[in-house]
Every structure is written in C-alpha cells, then in structure tokens.
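# Summary of the model geometry
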Amino acid sequence: MFARIKADFKAIFSRDPAVNNVFEALIAYSGFHAIIIHRLAHQLYRVGLRTIPRIISQISRFLTGIEIHPGAEIKGGLFIDHGMGVVIGETTVIGENVTIYQGVTLGGTGNEKGKRHPTIGNNVVIGTGAKVLGSFEVKDNVKIGAGSVVLSEVPANATVIGIPGRIVKKDGQRIHAARDLDHADLPDPIGERLLDLEKEMDELRDEIINQYSNKKIS
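Residues numbered from 1 in each chain as written. Predicted model: local features only at pLDDT ≥ 70, side-chain atom pairs only at ≥ 80, totals over all residues. Heavy atoms only, no water.

### Observations concerning the pairing of strand S14 (residues 158-161)
- The side-chain alternation of S14 yields two buried faces, one formed by Ala158 and Val160 and the other by Thr159 and Ile161.
- For S14 and strand S15 (residues 166-170), the ladder comprises four bridges, and the chain directions are antiparallel. Opposite Ile161, over in S15, you have Arg166 as the bridge partner. (Buried < 20%, exposed > 50% of the residue type's maximum accessible area, 1.4 Å probe, protein only. Helix = DSSP H or I, 4+ residues; strand = E, 2+ residues; numbered from the N terminus. Pairing = 2+ DSSP bridges.)

Shown next, in the form of structure tokens:
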C-alpha cells in the first residue's frame, strides 16, 4: 500500500506543472488526499468489513468532492487532477499511472450484480467530464477526450472522443481525419459535422448558380 501511495505522490510532480514544492503537494491536492483515504478504506474492505469502509469513503467525499467506493482496486501512480465530481464505482479496476480529470465517472449501467464497472489499463488519460460506463476493458495507453461517453471496450493505444465514444486514432494512425488529442484542444465531432454541412451547402449553391447561368446563356 505504501509503495502505491509513494507512486501516487510522485505522479503529482510528473504530471502537474503547477505544483511548486512537497509541502504544497501534501497539503493542497485533494485528489491525493482522496487516494490515501481510499487505500486505507480498501484495506478494511479486503478483510471483509463493509460499513466502516463505506463511512470512510463518504467522509472522503465530503472533504474532497471525490467519491471512490472502497471496493475499487487502484494500482500505483494514480493522479486525479482537481477531482471535484469524480466517481469511481465498486468493481472498478485501475491500472498504473492513470490520470483522471474532474467530473469523470467510472460507473455501471444498471442494477446488475458482479463485475459491473470498467477495468482501466496502464497509462490511460481520461479527460474532464468523461463517462466510462459498464463492465469492459479500456486497455493500455488509451486517451479519452473530455465529455466523451464510452460504453464498450477500447483497444490499446487508441484515442476516443464523442457521445457515444468512437475511436479516432489507433497506434498512431488517424481514423476519421481526427486531430491529435490535446486536453485543451480536443476534436469536436459536432463542429466538424457542421463544417461538412456548410461545405455541402456551398457546393449545392454553386451547382444551382451554374445551372441558372447555363439556362440564361441557352
């Protein structure tokens, strides 16, 4: 547990350029606080306790704005940036060196029993407000764009955007002419469609003008 907490702490310095010193990282990072509390609650959960870990997780939610069910399995190096509104469900599994931004939900899709939350691979980045819902794998090195809703398995080394989520990049190759994922400049599928419609209207207008001009000449 302590090795994972150490990896979580080091992740702050490797992934947040705003951090200034160790004291600030210890005191001012609610995401780190939520992870520490979760790791303590998870240890109690693993030995068969249920109510006490849930109470601890709710206290953590009140203090940090981040809700992590004590049953969730989280490996080392998790970085929750800002974190307000993050929800991580009971049967979620999170791999190493994962980055989660505020408003992310790793949840289920109904009242089913058993494994009902996603399994997140290593080195995954989940953008602001993204929802990953259901029991499936998001494999290693995946990037999920802000506001996306992912409902099915994502292969390794892929970039996913949109509602529902669609793969726009795989193994360095672009799909559907999408741009590279930048958390501050994500592809906008709605905007791209509007541009396509505008282009089609311009082409239709030119065609009508050409037909009208040809009639006048004849």
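### Overview of the pairing of S15
- Taking the residues that link successive antiparallel strands as the turn, the S14-S15 hairpin has four residues, and the phi of Gly162 there is positive, at about 95 degrees.
- Of the strand pairs in this sheet, S15 and strand S16 (residues 173-174) are connected by two bridges, and their pairing is antiparallel. Note on S16: the bridge partner recorded for Lys169 is Arg174.
- Counting the residues in the hairpin turn of S15 and S16 gives two residues, including Asp171, whose phi is positive at 50 degrees.

### A closer look at the sheet that holds strand S6 (residues 99-100)
- Taken in spatial order, the seven strands line up as S3-S6-S9-S12-S14-S15-S16 in an open sheet, and their pairing is mixed. Each edge of the sheet is formed by a strand with only one pairing partner; in this case those strands are strand S3 (79-80) and S16.
- Pairing geometry for strand S12 (residues 143-144) and S14, over two bridges, is parallel. The residue of S14 that forms the bridge with Lys143 is Thr159.

### Things to note about the packing of helix H1 (residues 2-15) against helix H3 (residues 30-46)
- Two elements in contact, H1 and H3, have axes separated by 10 Å at closest approach and are oriented at 170 degrees. Our classification of the angle between H1 and H3 gives roughly antiparallel. In this structure, H1 uses Arg4, Ile5, Asp8, Phe9 and Ile12 to contact H3, whose residues at the interface are Phe32, Ile35, Ile36 and Arg39.
- For the contact of H1 with H3, a count of residues per class yields six nonpolar, no polar and three charged. (Axes fitted to C-alpha atoms, helices over the stretch in contact; angles between N-to-C directions. Parallel < 35°, antiparallel > 145°, perpendicular 65-115°, else oblique. Contact = heavy atoms within 4.5 Å. Nonpolar A, V, L, I, M, F, W, Y, C, P; charged D, E, K, R; others polar.)

### Here's the deal with the UniProt feature "domain: Serine acetyltransferase N-terminal" (unreviewed entry) in the chain
- The UniProt record annotates "domain: Serine acetyltransferase N-terminal" (unreviewed entry) at residues 3-35.
- Strand forms 0% of residues 3-35 and helix 79%; the C-alpha atoms that close the span are 13 Å apart. (UniProt positions renumbered as here; feature names shortened; annotations may be inferred.)

### Looking at the sheet that holds strand S10 (residues 131-133)
- As summarised here, the arrangement of the five strands in space is S1-S4-S7-S10-S13, forming an open sheet in which the pairing is parallel. Edge strands, defined here as strands with exactly one partner in the open sheet, are strand S1 (67-68) and strand S13 (149-150).
- In terms of strand pairing, S1 meets strand S4 (residues 87-88) through two bridges, oriented parallel. Its bridge partner lying in S4, Ile68 is registered against Ile88.

### A word on unusual backbone geometry
- Residue Pro164 follows Ile163 across a cis peptide bond; omega there is -10 degrees.
- Among the structural elements, Pro164 can be located in the loop between S14 and S15.
- In the Ramachandran plot, His82 falls in the positive-phi region, its phi being about 65 degrees despite a non-glycine side chain.
- Its location among the elements puts His82 in the loop between S3 and S4.
- The exposure class assigned to His82 is exposed, which follows from its relative accessible area of 57%.

### Some thoughts on the packing of H3 against helix H4 (residues 51-64)
- Running from amino to carboxyl end, H3 crosses H4 at an angle of 175 degrees, the nearest separation of the two axes being 9 Å. Of the possible angle classes, the one that applies to H3 and H4 is roughly antiparallel. Taking contact as the criterion, the partners of Ser30, His33, Ala34, Ile37, Ala41, Leu44 and Tyr45 in H3 are, on H4, Ile52, Pro53, Ile56, Ser60 and Thr64.
- Considering only residue class, the contact of H3 with H4 consists of eight nonpolar, four polar and no charged.

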